[in-house]
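# Structural features, examined
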Amino acid sequence: IQDWALRTQDGTLSDMAFRPSSKVWAMVCSEPHACSMRHCGPSCPYQAARKRVLEAKVVVLNHTLFFGLMAQAEDSEEAGFVFPGDFVILDEAHMIENIAARQLGVQLSEPHLSYELLRMYNPRTHKGLLKPLNNPSLFQRVQDVMDASGLFFQNARDDLGFAGSGKIVRILQPEWSQDILSQPLMELIGELKTEREKQEENAAVKDELADMAARMEEAQASLKVLMDMTEEGHVYWAERSGPDGRNMSVCSAPVEVGDILRERLFSAGRSAILTSATLGTGDADMSYFAGRVGAESVRKLQIGSPFNYREQMRLIVARSMPEPDQPEYAKVLPEWIKRYLAESRGRAFVLFTSYRLMVQAAEKVRPFCEEQGWTLYVQGQDMQRHAMLEAFRKDVDSVLFGTDSFWTGVDVPGESLSNVIVTRLPFEVPDHPLVESRFESIRERGGNPFYEYSVPVAILKLRQGVGRLIRTKSDSGMVVILDPRVATKRYGMRFLKSLPEARLEFV
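Everything numeric in this text was worked out from a predicted model, so none of it was measured. (Residues numbered from 1 in each chain as written. Predicted model: local features only at pLDDT ≥ 70, side-chain atom pairs only at ≥ 80, totals over all residues. Heavy atoms only, no water.)

### Digging into the pairing of strand E5 (residues 247–254)
- Taken across its 8 residues, E5 has 7 buried, putting it largely inside the fold.
- As paired strands, strand E2 (residues 106–109) and E5 are joined by 4 bridges and run antiparallel to one another. Each residue of the ladder has a partner; that of serine 109, found in E5, is serine 249.
- As paired elements, strand E4 (residues 234–241) and E5 share 8 bridges and run antiparallel to each other. What sits directly across from alanine 238, in E5, is valine 250. (Buried < 20%, exposed > 50% of the residue type's maximum accessible area, 1.4 Å probe, protein only. Helix = DSSP H or I, 4+ residues; strand = E, 2+ residues; numbered from the N terminus. Pairing = 2+ DSSP bridges.)

Here it is as structure tokens:
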């Protein structure tokens, strides 16, 4: 990181060609309260970026940051979405429903809280940012919160009834576990603020202490929301991750973001443009998407494609494959992938909905790629996503296996990408509490969740995946769908009708 810092152009994580430890990165990354002009000066990448933002007429940011900032924005007549009097253009707008739901909700993470505490003071190593203050009372307060946090999350695991390898549990009742964490957090916050008042001569230390107190106050506020469950129309859940499921987070999100976005995004006096190649699911008025995000009264416009898909693209549907829920599917999938990689001489994206299945298939396909002299890139192994994508662009004789993030927003024009293989229709997993609660909401009003939610969402995602192939008027190639349900199920025709009018082949 030190060597990289001397040559980086912008100081961002995405500028790295390697993947640093998250713990190390957290020790060197910018912090809003501690990273100031007074401490860092204009050469600091964070300060340089802030200066560019404040001077810019156009600011480009991702959806997650936009909705996170929008959730924090003051509500007044002069207020904009992020800046006073601003407007927003949301590209790839088909993604905003789920991102907005997450950002407009609340999360308390056990590993994140633990990291913040150990960063302040580690009782085992006697190191941390608070060490130079030599305040035993403050060290003890940190220790108290650590102990309370460990016991709180352990009790929560037991009280919420995580079964076996289960990773997600929906929370249905308030006070789902005993709150033994709020009081120690409050005492730590008080001690941090008291210590801050003592640091009259040391502005840098005062800022650090203010940052620590603010982070603990955020954790305390999140805990209260999650314990009381007072947010109407929200769904609450706990999820486990990491080795043996030891890392636990408690989360909430609004079930339907339409009402919130109708007011916050489309209200009178604010201009918002939503654009994407896939806002429609075959419906001419884009009514499905508009209804999900509260844009029913917004002006809608569909513009035709500049591409001649009948000349530029073949669409192949593997009607004779087993369906994905059959045991034979995973066994034959690698052979079908190899068959169409051979036809396009590599130069392919292979898109998966399951990381485990992707890894299993990669093991079977890798020897074949090596025999042909093709490089096989597999998401999540060795390289950062952006570095892997750049390597794929430059290496014409290569194949890329990817999951969720490669279905959308990826641009590889030219012969490097001549084949997109879709291994499975991208239906959302229905057992996530957020999706489950949306199903319940649709049932309550007498609808059919599968046809009203699952199918349209999967259509949008499939259209995105297919859209990776043809990026310019000179591109050509094939899309292969290795899921026979497109041809055999009643809803399959909705998928086919939503895709470009390419040359269609069933095999």
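### Some points on the nonpolar core
- Counting 38 residues, the largest nonpolar core has Leu117, Met120, Leu130, Trp176, Leu188, Leu192 and Met216 as the members making the most contacts within it.
- Secondary structure elements with two or more residues in this core: helix H7 (110–120), helix H8 (136–160), strand E3 (168–171), helix H9 (182–198), helix H10 (203–228), E4 and E5.
- The leading source of residues in this core is H8, at 10 residues.
- When near neighbours in sequence (up to four residues on either side) are disregarded, leucine 188 contacts Leu117, Met120, Leu138, Arg141, Val142, Val145 and Met216.
- In this structure, Trp407, Val410, Val486 and Phe495 belong to the second largest nonpolar core, which totals 36 residues. (Core = buried A, V, L, I, M, F, W, Y, C linked by side-chain atoms within 4.5 Å. Contact = heavy atoms within 4.5 Å.)

### What about the packing of helix H5 (residues 63–72) against helix H6 (residues 96–103)?
- Closest axis-to-axis distance for the H5/H6 pair is 9 Å, and the angle between their directions is 45 degrees. Judged by the inter-axis angle, H5 sits oblique to H6. As H5 runs across H6, the sense of the crossing is right-handed. Listed contacts from H6 to His63, Thr64, Phe67, Gly68 and Ala71 of H5 are Ile96, Ile99, Ala100 and Gln103.
- Class assignment for the residues of the contact of H5 with H6 results in 5 nonpolar, 4 polar and no charged. (Axes fitted to C-alpha atoms, helices over the stretch in contact; angles between N-to-C directions. Parallel < 35°, antiparallel > 145°, perpendicular 65-115°, else oblique. Left-handed = near helix turned anticlockwise from the far one by under 90°. Nonpolar A, V, L, I, M, F, W, Y, C, P; charged D, E, K, R; others polar.)

### Digging into unusual backbone geometry
- Even without a glycine there, the phi angle at glutamate 92 is positive, about 50 degrees.
- Along the chain, glutamate 92 turns up in the loop between strand E1 (88–91) and H6.
- The exposure class of glutamate 92 is partly exposed, given its relative accessible area of 21%.
- The backbone of arginine 345 sits at a positive phi, close to 55 degrees, despite the residue not being glycine.
- You can see arginine 345 is positioned in the loop between helix H14 (327–344) and strand E8 (348–351).

### What about the side chain of aspartate 483?
- Summarising the element assignment, aspartate 483 is placed in the loop between strand E12 (477–481) and helix H19 (485–488).
- Polar side-chain contacts of aspartate 483 include one of 2.9 Å to the backbone nitrogen of leucine 425.
- Looking at aspartate 483, its side chain comes within polar contact range of the side chain of arginine 485, at 2.7 Å.
- Non-local contacts of aspartate 483, meaning those with residues more than four positions away in its chain, are made with Val317, Ala318, Pro324, Thr423, Arg424 and Leu425. (Polar contact = N/O pair within 3.5 Å; in protein donor to acceptor, adjacent residues only side chain to side chain.)

### Re a nonpolar patch on the surface
- A cluster of nonpolar side chains, namely Ile1, Phe18, Val24, Met27 and Val28, defines an oily patch on the protein surface of about 440 Å² accessible area.
- In this fold, valine 24 is placed in helix H2 (residues 22–28). (Patch = residues over 30% accessible without salt bridge, like charges linked within 9 Å, V, L, I, M, F, W, Y side chains within 5 Å. Areas by Shrake-Rupley, 256 points an atom, 1.4 Å probe, with all protein chains shown as cover. Salt bridge = Lys/Arg side-chain N within 4 Å of Asp/Glu carboxyl O.)

### Focus: the packing of aromatic side chains
- If you walk through the whole model with that rule in mind, you get 18 aromatic pairs.
- Judged by centre distance (6.1 Å) and plane angle (55 degrees), the ring pair of phenylalanine 66 and phenylalanine 81 falls under tilted. Of this pair, phenylalanine 66 sits in helix H5 while phenylalanine 81 sits in the loop between H5 and E1; the two residues are 15 residues apart in sequence, bridging distant segments of the chain. An identical accessibility class is assigned to phenylalanine 66 and phenylalanine 81; each is buried.
- Look at phenylalanine 427 and tyrosine 491: their rings are 5.8 Å apart centre to centre, the planes differ by 90 degrees, and that puts the pair in the edge-to-face class. Linking phenylalanine 427 in the loop between strand E11 (419–422) and helix H17 (433–444) with tyrosine 491 in the loop between H19 and helix H20 (492–498), this pair joins segments that are 64 residues apart in sequence.
- Take tyrosine 491: its relative accessible area is 9%, and that puts it in the buried class.
- A cation over a ring is seen here: arginine 385 above phenylalanine 406, with NZ or CZ 4.9 Å from the ring centre. (Phe/Tyr/Trp six-rings, centres within 6.5 Å; stacked < 30°, edge-to-face > 60°. Lys NZ or Arg CZ within 6 Å of the ring centre and 35° of its normal.)

### Quick word on the pattern of salt bridges
- Per the stated rule, a full pass over the model turns up 28 salt bridges.
- Among the ionic pairs, arginine 262 bridges to glutamate 296, the shortest N-O distance being 3.0 Å. Here arginine 262 is found in helix H11 (residues 258–264), whereas its partner glutamate 296 is found in the loop between helix H12 (287–293) and helix H13 (309–312), with 34 residues between them in sequence.
- Here arginine 262 falls in the partly exposed class, since its relative accessible area comes to 33%.
- Among the residues examined, glutamate 296 registers a relative accessible area of 41% and is labelled partly exposed.
- One salt-bridge network, held together by shared partners, links Glu97, Glu256, Arg292 and Arg438.

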